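Residue-level structure breakdown
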Amino acid sequence: MSTLRVLFATSEVYPLSKTGGLADVSYSLPRALAAQGVDVRLLIPGYPAVLDQLLLIEVYENILVFPNSTPVRILAGIMPGGVNPVYVIDCPSLYVRDGGPYLDEQGNEWPDNALRFAALSKVAALFGNHVFLFKPHVVHCNDWQTGLAPAYMNYHPSLSRAKSLMSVHNIAYQGVFGLEVAELFGLPPTNMQRVVQLLGLPLESFGVEGLEYHSKLSFLKAGLHYADWLTTVSPTYAKDVQTAAFGYGLQGLLTARQSSLSGILNGIDTEAWDPKTDSHLAKNYSIEHLPAKGENTKALRAKLGLEQSSRKPLLGMITRLTYQKGLDLLVPVIPDIIQAGAQLVLLGSGDKELESRLLQYAKLSPSQISVNLGYNEALAHQIEAGADIFLMPSLFEPCGLNQMYSMRYGTIPIVRRTGGLADTVIDAHPANLEKGIATGFVFEEEDAHQLLECVYQAVTLFRNREIWRTLQINGMSRDFSWQSSAKEYCALYRRLSQS
Ligand code: ADP
């Protein structure tokens, strides 16, 4: 069989630039694909951190991405530990600035995000239309930031072109823009048709059967409409997004395209997240040396000023502080959780009001609750190792990584039955305990009392050392590596390339 060539277009990749799970996937999945013989190359924007960390050479210059704009350069770089080469779009006016990939330092969206990610999409499409030397069989687009690529590929057909795959990592973020985009080109905001033309797409693309979403331009909808195949990052999420509750307005389109939609579960980076070798831990451990996990709990309590108590389970949570993550379920029952004899350590950042409510709780019970604001990779590893129980009461969860890290670290997850959480955690009800397959606690409804019931159940079982150890071993024995998912992607790429 000939070598499959895939361009993996993404707006963030660990360790160069990371705001969430997409960065982890963009690092680990291509590595797993390369291990299966796929010639996979990344395409990312040239943010300062990317330009600083990669050794780069210019491969293409003077690439005009939009009809009336500054040309960009394409560089190729070597990323230690990743798949190589990595293609980088060099356009300082779009990507070189202080702040994050999507937000400025104050947390506001960059006003020119439409241009920044239309440019990323356009360059991905140029690769897809076989303009450059690297001619992929498939352009794998990820989330709204690359959503216009399938549209560009569709309207600029060439003699040979790649197939497009649109992966949805989180449908809540869609990249919807209005007339303000015209101003980015220095023009008065007249009509959306003009905006679409400025972005280099034909007038006919701006319709309900195309890019239009309630009179605006939706990048994600474009991807979902024009891509040859669609995936979500877990099988359950592929069903969830077809419902009004989780489709965020795109459920109709996704239902219409269900014969070209599948869910492939994310894996995790089993090297970075391995309690046997994790260099962030106070003490490494494994199934064979589980008691050593307790050393990490002690060290974490000491570091965060929590009371040392082996009777009290330590509950951990690492999360973006947003509506999605179910903090509205957790916050009201924090006093009950402490009352039940548990402790809580939380690491996260996001919503300012949530941050201050959480800090207030920590101030009231500093020996039982530790709230750590900000992004801290080392502390995330230490919480996964040191906590006994991990909380993920998400209202929706496309896949979720932390529940898998938790199981790998012998830390028992409490999750709501949604998306990838439903696909990865097996509830500790008696039949599953009996069968030896239980790995955590699962509750059904968006209901704080159901979450609390699960916490009570977990606190009770925590005191039964035998059952607890079985739960830990069940989770630690599961294979969450990318291997089987990468095989599924390979099979999908192959099918697409031959269709
Ligand atoms: P999402 O992509 O929706 O944020 P995931 O569970 O898929 O959620 O992935 C989140 C990733 O980001 C995980 O690797 C998690 O450990 C990490 N993470 C989230 N918040 C923080 C934080 N404040 N500090 C360190 N790591 C974090």
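Residues numbered from 1 in each chain as written. Predicted model: local features only at pLDDT ≥ 70, side-chain atom pairs only at ≥ 80, totals over all residues. Heavy atoms only, no water.

Details of helix α18 (residues 448–462)
For the record, the criterion: Numbering of helices and strands starts at the N terminus; helices are DSSP runs of H or I of at least 4 residues and strands are runs of E of at least 2. One less than the number of residues in a helix, times 1.5 Å, gives the span that helix is expected to have. Relative accessible area decides the class of each residue, using a 1.4 Å probe on protein chains only: under 20% of the type maximum gives buried, over 50% gives exposed, and in between gives partly exposed. What makes two residues a contact is simply this: any of their non-hydrogen atoms within 4.5 Å. Think of a polar contact as two N or O atoms within 3.5 Å of one another; within protein, one of them needs to be a possible hydrogen donor and the other a possible acceptor, and neighboring residues in sequence only count if both atoms come from side chains.
Under the 1.5 Å per step criterion, the end-to-end length of α18 is 21 Å for 15 residues, consistent within 8% with the ideal 21 Å. Those residues of α18 that fall on the buried side of the exposure criterion are Ala448, Leu451, Leu452, Cys454, Val455, Ala458, Val459, Leu461 and Phe462. In this structure, the buried residues of α18 make contact with β13 (314–321), α12 (327–339), β16 (389–392), β17 (412–416), β18 (441–443) and α19 (465–476). A distance of 2.8 Å separates the backbone nitrogen of His449 from a side-chain oxygen at the start of α18, and that oxygen is part of Asp447.

What to know about the packing of α18 against α19
For clarity, the threshold we go by: To get an axis, fit a line to the C-alpha atoms, keeping to the stretch in contact for a helix; angles then go from 0 to 180 degrees between the N-to-C directions. Here roughly perpendicular refers to angles of 65 to 115 degrees, roughly parallel to angles under 35, roughly antiparallel to angles over 145, and oblique to all remaining angles. Residues were grouped as follows: Ala, Val, Leu, Ile, Met, Phe, Trp, Tyr, Cys and Pro as nonpolar; Asp, Glu, Lys and Arg as charged; and all remaining residues, including Gly, as polar.
Running from N to C, α18 and α19 cross one another at 110°; their axes reach a closest spacing of 7 Å. For the element pair α18 / α19, the angle class is roughly perpendicular. Between α18 and α19, the residues in contact are Ala458, Leu461 and Phe462 and Arg465, Ile467, Trp468 and Leu471, respectively. The residue makeup of the contact of α18 with α19, split by class, is six nonpolar, no polar and one charged.

Description of the side chain of Thr319
Among the secondary structure elements, Thr319 is positioned in strand β13. Sequence-distant contacts of Thr319, defined by excluding residues within four places in its chain, comprise Lys325, Leu327, Leu347, Gly348 and Ser349.

Some thoughts on the domain arrangement of the chain
Interfaces are frequently sized by the accessible area removed from exposure as the parts join. Operational definition: Domain segmentation is taken from an automatic or database assignment of domains. Reported buried area values correspond to the accessible surface (1.4 Å probe) lost by two parts on association, with both partners' losses combined.
Per the domain assignment, the segments of the chain are domain 1 (5–267 + 483–498) and domain 2 (287–480). Here domain 1 and domain 2 have C-alpha centroids that lie 33 Å from each other. At the junction of the two partners, domain 1 supplies 20 residues and domain 2 supplies 22 residues. Counting each side, the surface lost to burial between domain 1 and domain 2 is near 1,500 Å², with a carbon and sulfur contribution of 57%. It is Thr236, Phe246 and Leu265 that lose the most area in domain 1 upon contact with domain 2, and together they represent 25% of the buried surface on that side.

Some thoughts on the sheet that holds β13
Strand pairing in a sheet is mediated by backbone hydrogen bonds. Such pairs are either parallel or antiparallel. As a reminder, the rule being used: By definition, two strands form a pair when at least two bridges between them are found by DSSP.
Overall, parallel pairing links the six strands, which are arranged β15-β14-β13-β16-β17-β18 in an open sheet. Since the sheet does not close on itself, it has two edges, and those belong to β15 (369–373) and β18, each with one partner. Averaged over all pairs of adjacent strands, the angle between their axes in this sheet comes to 15°, without regard to strand direction.

A word on the nonpolar core
Counted only if it meets this: In these notes, a set of buried Ala, Val, Leu, Ile, Met, Phe, Trp, Tyr and Cys residues joined through side-chain atoms within 4.5 Å is what counts as a nonpolar core.
By size, the foremost hydrophobic cluster in this structure holds 103 residues, and its most contacted members are Leu43, Leu148 and Leu199. Top contributing element to this core by residue count: helix α4 (residues 113–128), with eleven residues. In terms of nonpolar packing, the next biggest core, distinct from the first, is built from 39 residues, Leu354, Val371, Ile414 and Phe462 among them.

Focus on the packing of helix α1 (residues 21–35) against helix α20 (residues 483–498)
Packed helices, taken two at a time, are described by their axes: the angle between them and the distance between them. For the pair α1 and α20, the least separation of the axes is 9 Å and the interaxial angle reads 70°. Judged on the interaxial angle alone, α20 and α1 are roughly perpendicular. The residues of α20 that touch α1, namely those facing Leu29, Ala32 and Leu33, are Ala486, Tyr489, Cys490 and Tyr493. Taken together, the residues of the contact of α1 with α20 sort by class into seven nonpolar, no polar and no charged.

A short note on the site of the ligand
Put simply, the rule reads: Any residue with a heavy atom lying within 4 Å of a molecule or strand is counted as near it. What sets the accessible areas is the Shrake-Rupley method with a 1.4 Å probe; for residues, cover comes only from the shown protein chains.
Around the ligand, 18 residues are found, and the nearest of them are Gly21, Asp24, Arg320, Lys325 and Gly374. A distance of 3.2 Å separates an oxygen atom of the ligand from a polar atom in the side chain of Asn402. When the free accessible area of the ligand is taken as 560 Å², the share hidden by the protein chains comes to 92%. Contributing elements (two or more residues each) for the shell around the ligand: α1, β13, β14 (343–350) and α15 (402–408). At three residues, the largest contribution of residues to the shell around the ligand is made by β13.

Some remarks on helix α11 (residues 293–304)
Condition: This arc is built from the directions going out from the helix axis to the C-beta atoms.
In a regular helix each residue adds 1.5 Å, so twelve residues correspond to 16 Å; α11 covers 17 Å between its end C-alpha atoms and thus fits that length. Of the positions making up α11, those classed as buried are Lys293, Asn296, Thr297, Leu300, Arg301 and Leu304. With its buried residues spanning 135° around the axis, α11 presents them on a single face. Within α11, the exposed residues directed more than 90 degrees away from the buried face are Ala302 and Lys303. Elements that come into contact with the buried residues of α11 comprise β13, β14, β15, α14 (377–386) and α19. Gly305 lies just past α11 and shows a positive phi near 75°.

Focus on the environment of Leu330
Topologically, Leu330 is positioned in helix α12. Sequence separation between Leu330 and Met392 is 62 residues; the distance between their C-alpha atoms is 9.4 Å. Sequence-distant contacts of Leu330, that is, excluding residues within four places in its chain, are made with Met317, Ile337, Leu346, Leu391 and Leu451.

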